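Analysis of the macromolecular model
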Amino acid sequence: MATATSHQSVVSFASLRSSPSSTISQCGFKIDSSLSFTSKKTNFCKIKAITSSVSYDNTLLSPSKTIPDNSQKKSNEAALILIRHGESLWNEKNLFTGCVDVPLTEKGVEEAIEAGKRISNIPVDVIFTSSLIRAQMTAMLAMIQHRRKKVPIILHDESEQAKTWSQVFSDETKNQSIPVIPAWQLNERMYGELQGLNKQETAERYGKEQVHEWRRSYDIPPPKGESLEMCAERAVAYFQDNIEPKLAAGKNVMIAAHGNSLRSIIMYLDKLTCQEVISLELSTGIPLLYIFKEGKFMKRGSPVGPTEAGVYAYTKRLAQYRQKLEDDSEVLCA
Ligand SMILES: O=C(O)[C@@H](CO)OP(=O)(O)O
């Protein structure tokens, strides 16, 4: 089996069972129908909920107790956008990165801006990122492209003082902000003793198959690192405890994270088996859209651009949101 690169230009969603053709779909996915899958159940039942959850709302941007908690607002659907960070300096050098905190390349910056353009008409109420700079840069660069022009603000909870010192005292300013919640649980899989090694040289030294197992198998960890299963135990538990409740409350969520932390979350959303997840590759800087409705996640594809009609054809709510953005900009231009 060929070693997958971190820069593949195609997102191969092995689980997209409802669309069997091997073409670029209307949603912007390439679906690889050459793969066949068994009906083996995913063993995600192993994932235990982590109870030490942190929950933020827009209200945390302001100390006022009188501001209503909008997280309780009723809605029957919410958008979920997943973005793998843009190309990092170590992606460019083909080095195993894992939890090493490396920034984006110039190309990565451009990818993040392009991703932002693609989702610029999709509502975002709260952003979750890993604690690593490449995911945070991606989230920020993407959000500055958003037509709503809200300001993404990182919430700091590392100490009581950090929380107190970053309070916002204007309701209006708070309403024009989007909370950005960093969570180490969304960090890239810890690559152990491979971190900093060149991927090609490692494959030459240990063999392509061994390195492919370390990189893509579900339960085989790299030396002293995390397997995808171990990464899922923290990333999916965090998603269930902190992100799903937001979606259930009608909040539109964006997650900027990493190849493997997002693979584990997609495995959960798409109910992929341990075999299926091996073929799941995420490109850098490509946003993926899901709709959460009645407790279920529906994959909607990757928004191709601000004028891409397909994305909006899927839900009335997204179409209405875009129409409102159009109306507002017409009023501003008049
Ligand atoms: O190096 C890493 O941390 C990851 C993501 O870039 O690489 P891989 O494609 O091997 O999972």
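Quick caveat: nothing in here was measured; it's all calculated off a predicted structure.

Now for the UniProt feature "active site" (unreviewed entry) in the chain. Per the UniProt entry, the sites bearing "active site" (unreviewed entry) are His85 and Glu188 in this numbering. Considering the C-alpha atoms alone, the annotated residues occupy 104 residues of sequence yet fold into one spot, their largest mutual distance being 10.5 Å. Its place among the elements puts His85 in the loop between strand S1 (77–84) and helix H1 (89–92). Given the relative accessible area of 3%, His85 is considered buried. Ignoring anything within four residues of it in the chain, the contact list for His85 reads Asn91, Leu104, Arg134, Ala135, Thr138, Ala257, His258, Thr284 and Gly285. Counting through the fold element by element, Glu188 comes out in the loop between strand S4 (177–182) and helix H6 (199–206). What makes Glu188 buried here is its relative accessible area of 7%. Contacts of Glu188, omitting those with residues within four sequence positions, involve Gly98, Cys99, Leu132, Arg134, Glu226, Arg234, His258, Gly259, Asn260 and Ser261.

Fine structural detail should not be taken from predicted coordinates in areas where pLDDT scores are low. Per-chain confidence: the chain averages 80 in pLDDT, with 74% of residues scoring 70 or above. Counted against residues more than four places away or in other chains, residues 1–73, with its pLDDT under 50, gives 171 contacts. For this predicted complex, the interface score ipTM comes out at 0.97, while the overall pTM is 0.79.

One can find Ser88 in the loop between S1 and H1. For the pair Ser88 and Arg134, spaced 46 residues apart in sequence, the C-alpha separation works out to 6.6 Å.

Moving on: the packing of aromatic side chains. By convention here, two paired aromatic rings are described through the distance between centres and the angle between planes. Taken as a whole and judged by the stated rule, the model has 6 aromatic pairs. Ring plane angle 65° and centroid distance 4.8 Å describe the contact between Phe96 and Tyr191, whose orientation is recorded as edge-to-face. On the criterion of sequence distance, the pair formed by Phe96 in the loop between H1 and helix H2 (106–118) and Tyr191 in the loop between S4 and H6 is long-range, its members being 95 residues apart. According to the relative accessible area criterion, Tyr191 is buried, its value standing at 4%. Here the aromatic rings of Tyr206 and Trp214 are separated by 5.3 Å at their centres, their planes lie at 65°, and the arrangement is edge-to-face. The buried category is assigned to Trp214, whose relative accessible area is 8%. Three or more aromatic residues link up through ring pairs in this structure, and these residues are Phe239, Tyr268, Phe292 and Phe297. Over the aromatic face of Tyr191 sits the side chain of Arg189, whose NZ or CZ is 4.4 Å from the ring centroid. Residue placement shows Lys199 over the ring face of Phe96; its charged tip is 5.3 Å from the ring centre.

Time to look at the side chain of Asn121. Note that Asn121 resides in the loop between H2 and strand S2 (126–129). Among the residues examined, Asn121 registers a relative accessible area of 1% and is labelled buried. Within polar-contact distance, the side chain of Asn121 engages the side chain of Arg147 at 2.8 Å.

This next bit is on the nonpolar core. Counting residues in each nonpolar core, the largest one holds 35 residues, and the members touching the most others are Leu80, Leu82, Phe128, Phe239, Leu247 and Ile255. The set of elements that each furnish at least two residues to this core consists of S1, S2, helix H8 (228–248), strand S5 (253–257), helix H9 (259–269) and strand S6 (287–293). Considering each element in turn, this core owes the most residues, 8 residues, to H8. Ignoring anything within four residues of it in the chain, the contact list for Leu82 reads Ile255, Leu262, Ile266, Leu269, Ile286, Pro287, Leu288 and Tyr290. By size, the runner-up hydrophobic cluster in this structure holds 18 residues, among which are Ile127, Ala142, Leu289 and Ile291.

So, about the site of the ligand. Taken together, 13 residues form the shell around the ligand, and within it Gly98, Tyr191, Arg215, Arg216 and Asn260 come nearest. Gly98 places a main-chain nitrogen or oxygen 2.7 Å from an oxygen atom of the ligand. Contacts to the ligand include Asn260, whose side-chain N or O atom sits 2.7 Å from an oxygen atom. For the ligand, whose unbound accessible area comes to 310 Å², protein coverage reaches 98%. Class assignment of the residues belonging to the shell around the ligand gives a composition of 3 nonpolar, 5 polar and 5 charged.

Quick look at the pairing of S4 now. Of all 6 residues in S4, 5 are buried, a share of seventy percent or more. Pairing of S2 with S4 involves 3 bridges; the strand directions are parallel. Within S4, the position partnered with Phe128 by the bridge is Ile181. Two elements, strand S3 (residues 151–154) and S4, share 4 bridges in a ladder whose sense is parallel. Paired with Ile154 across the bridge in S4 is Val180.

Conventions we followed
Residues numbered from 1 in each chain as written. Predicted model: local features only at pLDDT ≥ 70, side-chain atom pairs only at ≥ 80, totals over all residues. Heavy atoms only, no water. UniProt positions renumbered as here; feature names shortened; annotations may be inferred. Helix = DSSP H or I, 4+ residues; strand = E, 2+ residues; numbered from the N terminus. Buried < 20%, exposed > 50% of the residue type's maximum accessible area, 1.4 Å probe, protein only. Contact = heavy atoms within 4.5 Å. pLDDT = per-residue confidence, 0-100. Phe/Tyr/Trp six-rings, centres within 6.5 Å; stacked < 30°, edge-to-face > 60°. Lys NZ or Arg CZ within 6 Å of the ring centre and 35° of its normal. Polar contact = N/O pair within 3.5 Å; in protein donor to acceptor, adjacent residues only side chain to side chain. Core = buried A, V, L, I, M, F, W, Y, C linked by side-chain atoms within 4.5 Å. Near = heavy atom within 4 Å. Areas by Shrake-Rupley, 256 points an atom, 1.4 Å probe, with all protein chains shown as cover. Nonpolar A, V, L, I, M, F, W, Y, C, P; charged D, E, K, R; others polar. Pairing = 2+ DSSP bridges.

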